[in-house]
Structure formats: structure tokens, C-alpha cells
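As a plain string of letters, each chain reads:
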Amino acid sequence: MNSKNLFSGFIFILIVVVGFMWASSVYSPSNISESAIIAAGAFIIALIASSAIKIANPWDKAVVLRLGKFQSLRGPGIFFIIPIIDNIPYWIDTRVITTSFKAEKTLTKDTVPVDVDAVLFWKVLDPQKAALEVADYLSAISWASQTALRDVIGKTMLSDMLEGRDKISHTLQAIIDERTEPWGVHVNSVEVKDVLIPPALENAMSMQAQAERERQARVILGESEKQIAEKFGEAALTYVNNPVALHLRAMNMLYEGLKQNSTIVIVPSSAVDTMQLGSMAGLTALTMGIGQEKANKENSTVLESES
């Protein structure tokens, strides 16, 4: 039970008990009417007092009407009203309130049906306007949010909606705040939680994104090949007027190829002639050098294993 009702009930019971005790103290067979009047008066006073005492929470504002006209805003804390004459039709909550709203199967500017979920953060700044200017401000805010969301979706492209949720949130906040300002309500912020698109369109967009990534990869590969060709061209210019350097580079490449356990190496005859490997002596020298290097590696491996 609410603490406000508990306090009013306590006051009612207290006055009734005191009145009945007083009535019982003056009771006698000769003055029964007096005791009855005291008991009835205590009951009426208790009823009036419990109805006149009101308690508002720290976040509540009570809208008091007197004979159908706005009298004042009361609270927080304890306050008194005139029973029967005064009436409290609304208790306005002045805290920040969250309201979820959505738009289902709403067409975007490029005619794509989407489902959008959002959350509205708002609070009542003027309880008098919230009570008197609109019949049900909670429902009014909910409907205003939904219609604003549908309007924004209809004016936005799907790509902009998926990429710019912050922009949509700020636009919604401005629209809803303008609509609710006459009701004494201020919109703090709007957060778009999720944007759902049809599964078929989602698959198509995924394929499009994958194709775009492949295209970018091919472009990057082509640019790499172009840069490599340019570097090879610059390197070739270095060997144009320096045949000795070219021979040394060719012999080094041949040496590296034979070193990797290769048994057959195909070398152009022109390269063999220029490197003076066509004779038996040249081949023997190259083979002996490679064999000596392999023997040295094997000896070092054996020594390491023995140690």
C-alpha cells in the first residue's frame, strides 16, 4: 500500500479511536444521545481530516482543482486541501521517463520497408500544462514519437539510415520536442536501437559489400604489380652499362637455386656463355663450391649434436 494512504488511514483511525473513547467516557443511560453525537462527530472529523491531508513524493506534483478551476501545484511533502471543494485529478511525475516506440514496415525514401526501434528520454517541465493542455500526455507523447519516426523514415535513404543513426536521433529529438513543448514536456534525447531490413535485401547488400571488397583487392593488387614493374625497370637500368654486375647477379641466382636441393636447373645458353659456365671447368668449380658448403653445414650439425 502507498505510504500516502497509510498516513491518511492512520489519521482516520486515530481520530475515530479518540472520539469513541471520549464517547464511552461520557456514556450513561441518561445521555445516550450525547455519546452517539460524539462518536458520529469523531467519525465525520476523521473522514474529513484523512481526506484533507495529502503527501507528495519528492518527484510528484499534485494538480489541485477547486470547483473545477485550476488552483495550484502542491508538493513535495505534506499539504492540505479542502475536501469536496478541492480535487486532485493528476499526480505528475517530474522524473526522466523512458518510452519505447517503433515503426514497422515503413517505407524509406528509396521504397525499402524497414522496422525501426527507438527509445525516448523525456521529462515534464511544466506540470500545469501537462495536466491542462492535453488529455493524456503519456499517450500523446507515444503517438507523437511514432508519427515523427515514420515521417523521418519516409524522408531518409536506407544507406543514410544505416550509417547515420546519430543524425536520425537528433532529427527525431528536434521534431518530437517541438510537438511536445506546448504540453510542458521536454525531450532530452532519442536513441535509435535497431534498424531491421528484409532478409532478401540483407543478403543482397552482403553480396554487394563482398563484391566491393574483391574489387578493391584487385585494384590494390594491380597497383602493387605496377609498382613492382617500375622497381624492376629501375633495377634493370642499373645493369645496362655494367655487365659484370649483371653476371654476378645471375651467378648468385643460379647459386641460390642449386643450394635448395635442386638437381636440374634450366639456364639459357646465352647466360651460360656469359657467365663462363659452358666449360667443364666452370661447372666443376661451381659444383665443388656448393658441395663444400653442404659438407661444412653437415659437419657443423654433427658437432652440435655431439656436444
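One structure accompanies this document, and this report is about it. (Residues numbered from 1 in each chain as written. Predicted model: local features only at pLDDT ≥ 70, side-chain atom pairs only at ≥ 80, totals over all residues. Heavy atoms only, no water.)

**Quick notes on the sheet that holds strand β5 (residues 86-93)**
Across the sheet, three strands lie side by side as β3-β2-β5; this open sheet has antiparallel pairing. Either end of the sheet is taken by a strand with one partner, and the two such strands are β3 (69-74) and β5. The mean angle between the axes of side-by-side strands here comes to 25 degrees, regardless of whether they run parallel or antiparallel. (Pairing = 2+ DSSP bridges. Helix = DSSP H or I, 4+ residues; strand = E, 2+ residues; numbered from the N terminus. Axes fitted to C-alpha atoms, helices over the stretch in contact; angles between N-to-C directions.)

**A look at helix α6 (residues 165-180)**
The end-to-end C-alpha distance of α6, which contains 16 residues, comes to 22 Å, matching closely the 22 Å that a straight helix rising 1.5 Å per residue would cover. Packed against the buried residues of α6 are β6 (97-107), β7 (113-124), α4 (137-154), α5 (158-163) and β8 (185-196). (Expected span 1.5 Å × (residues − 1). Contact = heavy atoms within 4.5 Å.)

**Some words on the packing of aromatic side chains**
Under the counting rule described, the total for this entry stands at three aromatic pairs. Between F12 and F43, the ring centres sit 5.6 Å apart and the planes meet at 80 degrees, which makes this aromatic pair edge-to-face. Taken together, the residues F12 in helix α1 (residues 3-25) and F43 in helix α2 (residues 32-52) connect sequence positions 31 residues apart. Pairing F79 with W91 gives two aromatic rings, centres 6.3 Å apart and planes at 45 degrees, and the pair type is tilted. Taken together, the positions of F79 in strand β4 (residues 77-80) and W91 in strand β5 put the pair twelve residues apart, joining distant regions of the chain. Taking relative accessible area as the criterion, F79 reaches 7% and is therefore assigned buried. Using a relative accessible area of 32% as the deciding quantity, one classes W91 as partly exposed. The side chain of R95 reaches across the aromatic face of W59, ending 4.2 Å from its centre. (Phe/Tyr/Trp six-rings, centres within 6.5 Å; stacked < 30°, edge-to-face > 60°. Buried < 20%, exposed > 50% of the residue type's maximum accessible area, 1.4 Å probe, protein only. Lys NZ or Arg CZ within 6 Å of the ring centre and 35° of its normal.)

**So, the pairing of β6**
Pairing analysis gives nine bridges linking β6 to β7, with the strands arranged antiparallel. The partner of A103 across the bridge, within β7, is V116. In this antiparallel pair of consecutive strands, β6 and β7, the connection spans five residues, and T111 shows a positive phi of 55 degrees.

**Considerations on the environment of T111**
If you trace the backbone, T111 turns up in the loop between β6 and β7. A sequence separation of 43 residues divides T111 from G154, and the C-alpha atoms of the two residues are 8.3 Å apart.

**A closer look at the sheet that holds β7**
Reading across the sheet, the three strands line up as β6-β7-β8 and stay open at both edges, with antiparallel pairing between neighbours. Strands with a single pairing partner mark the edges of an open sheet, and in this sheet they are β6 and β8. Geometrically, the sheet is characterised by an average inter-axis angle of 20 degrees between neighbouring strands, direction not taken into account. The pairing of β7 with β8 spans ten bridges and is classified as antiparallel. Note on β8: the bridge partner recorded for V116 is V195.

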